[in-house]
Amino acid sequence: MLHTTPGLIDAIRARFAHVDTCPFQGPRVFFENAGGALTLKSVVETSARFAAIPDNQGRDNVASHALIDIINTAKADLSVFMNAPTGQFFAGESGTELLFRMIRTACVNAPKGSKVIGSSIEHPASRSAARRWADIAGLDYVEVPHNDDTGLVTADAYRAAMTPDVSVATILHASPVTGMGMDVAAIAKVIRSVSPDCFIIVDGIQHAAHGQVDIDSYGVDGYAISPYKVFSRHGYGIAWISGRLTALPHDQLIDAPADGWEFGTRDTGSYAAMSDVVGYFDWLGAQVSEVSDRRARIEAAGRAIHTYETHLTNAMINGTGNLPGLRDMDHVHILAGADNPAREGLVSIVVRDVPSAEVVSRLNEQGIRTHIRKADHYSGNVLNPLGLSDCIRISLCHYNTEQEVAQLLAAVNEMAP
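Residues numbered from 1 in each chain as written. Predicted model: local features only at pLDDT ≥ 70, side-chain atom pairs only at ≥ 80, totals over all residues. Heavy atoms only, no water.

Explain the environment of Ile68 to me, please; I cannot follow it from the model alone.
Take Ile68: it is sitting in helix α3 (residues 62-81). Ile68 sits ten residues away from Leu78 along the chain, and the two C-alpha atoms are 15 Å apart. Dropping the residues within four chain positions of it, Ile68 is found in contact with Gln57 and Gly58. (Helix = DSSP H or I, 4+ residues; strand = E, 2+ residues; numbered from the N terminus. Contact = heavy atoms within 4.5 Å.)

So what exactly am I meant to see when it comes to the pairing of strand β7 (residues 166-172) here?
Side chains on a regular strand alternate between the two faces of the sheet. Judged by how many residues are buried, β7 sits mostly within the fold: seven of seven residues are covered. Bridge count between strand β5 (residues 115-119) and β7: three bridges; the pairing is parallel. The residue bridging Val116 from the neighbouring strand is Val168, located in β7. Bridge analysis of β7 against strand β8 (residues 199-203) gives five bridges, and the strand direction is parallel. (Buried < 20%, exposed > 50% of the residue type's maximum accessible area, 1.4 Å probe, protein only. Pairing = 2+ DSSP bridges.)

Before we go on, may I ask you to explain the packing of helix α2 (residues 41-51) against helix α10 (residues 268-288) in this structure?
The description of two helices packed together rests on the angle between their axes and the distance between the axes. Packing of α2 against α10 leaves a shortest axis separation of 9 Å and a crossing angle of 160°. It follows that α2 is roughly antiparallel to α10 by the angle criterion. The handedness of the crossing between α2 and α10 is right-handed. Here Ser42, Val43, Thr46 and Phe50 of α2 come into contact with α10, specifically with Thr268, Gly269, Ala272, Ala273, Asp276 and Val277. For the contact of α2 with α10, the class distribution of residues is five nonpolar, four polar and one charged. (Axes fitted to C-alpha atoms, helices over the stretch in contact; angles between N-to-C directions. Parallel < 35°, antiparallel > 145°, perpendicular 65-115°, else oblique. Left-handed = near helix turned anticlockwise from the far one by under 90°. Nonpolar A, V, L, I, M, F, W, Y, C, P; charged D, E, K, R; others polar.)

It is not clear to me how the side chain of Gln206 should be interpreted in this structure. Could you clarify?
Inspection of the secondary structure assignment puts Gln206 in the loop between β8 and α8 (215-218). Apart from residues lying up to four places away in sequence, Gln206 is in contact with Ala34, Ala174, Ser175, Pro176, Lys229 and Leu346.

I keep staring at the sheet that holds strand β10 (residues 237-241) and nothing clicks. Help me out?
Backbone hydrogen bonds hold the strands of a sheet together, and the pairing may be parallel or antiparallel. Overall, mixed pairing links the seven strands, which are arranged β4-β10-β9-β8-β7-β5-β6 in an open sheet. Strands with a single pairing partner mark the edges of an open sheet, and in this sheet they are β4 (88-92) and β6 (140-144). With direction set aside, neighbouring strand axes in the sheet form an average angle of 20°. Relative to β10, β4 is paired through five bridges, and the arrangement is antiparallel.

Here it is in structure tokens:
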């Protein structure tokens, strides 16, 4: 594990900006990673360097040619990182915008009267897009219910709702509310077994930072991530689409190349920053394995990240040192259960007799950054069935430490009535 290799956690933390201090608050523990992960220092440097370059792609000059090479290198890096040997990558406004665009394209090209299927656990980025464009395109929307107790939707749940006339499907890879990861490959396999030509689009925004992505094994047509949640920065999203989704009629300029999906001139620095992210996973994989193949190193990094984050969430739930875990605190309730193997670096709780907003505020006063999730248009689909108006989301990444977990446990334990 990462923490059993001497000096490795310190080396990891040294690569991130503001790992233990906030420029506005001072010293703090960052448990708000689901809202946006810490940024690699290399990404900060790369972004500043490219922000100063006046040239754009598509011109006949040395700088323009260099920018095109950098973008192509980044796309090749993403192909290795996400194991997508076919299809194409492109950048957009955000992960949400890219999900809307992929889902819209699939829906408006679907046979009239066919169906769109998705699940009740999904983030509104995909649920809203699917419902809106199903309605506009004259398609029926089918919602697969998730399990309130586990915070999961399963392949069996999709199977029960599938029919051969389903032409578009959406899948959430990991929930930013429950923290649970879905078995995308199993769900996609069930969908294809009933409707082989269905277009399947995945929201990978919450999952990407917590374990490797393996698009080639999923059998899907679209996958979106938000780089600011996987150690890059705000301001753009990255999507992968299959060859057959690429070929569908879609929004583009008149007489533009048929396979083009980007609008306008993209920021070369955003692509270059993704190369920094892939390079970081490659570096980490070399610290935890002796494999020489780049993809194998990235896979090793993903396994190490998942194992270590499970160690941290287990410490949070079961306790560490002489501190009781969240499950042992009578005033704390853990969403989706204390023993849930699908958990990906996130624990959501409610504290009895203390409003969630007050819990977040009191933790903030002690330098511990968490976040409230409310039963609104973002999280109501998960919280309302549980009878909850809100909860406290504690989300971590592999640069967090067991000592930081202990600080959190001590603070929450003090909130007992």
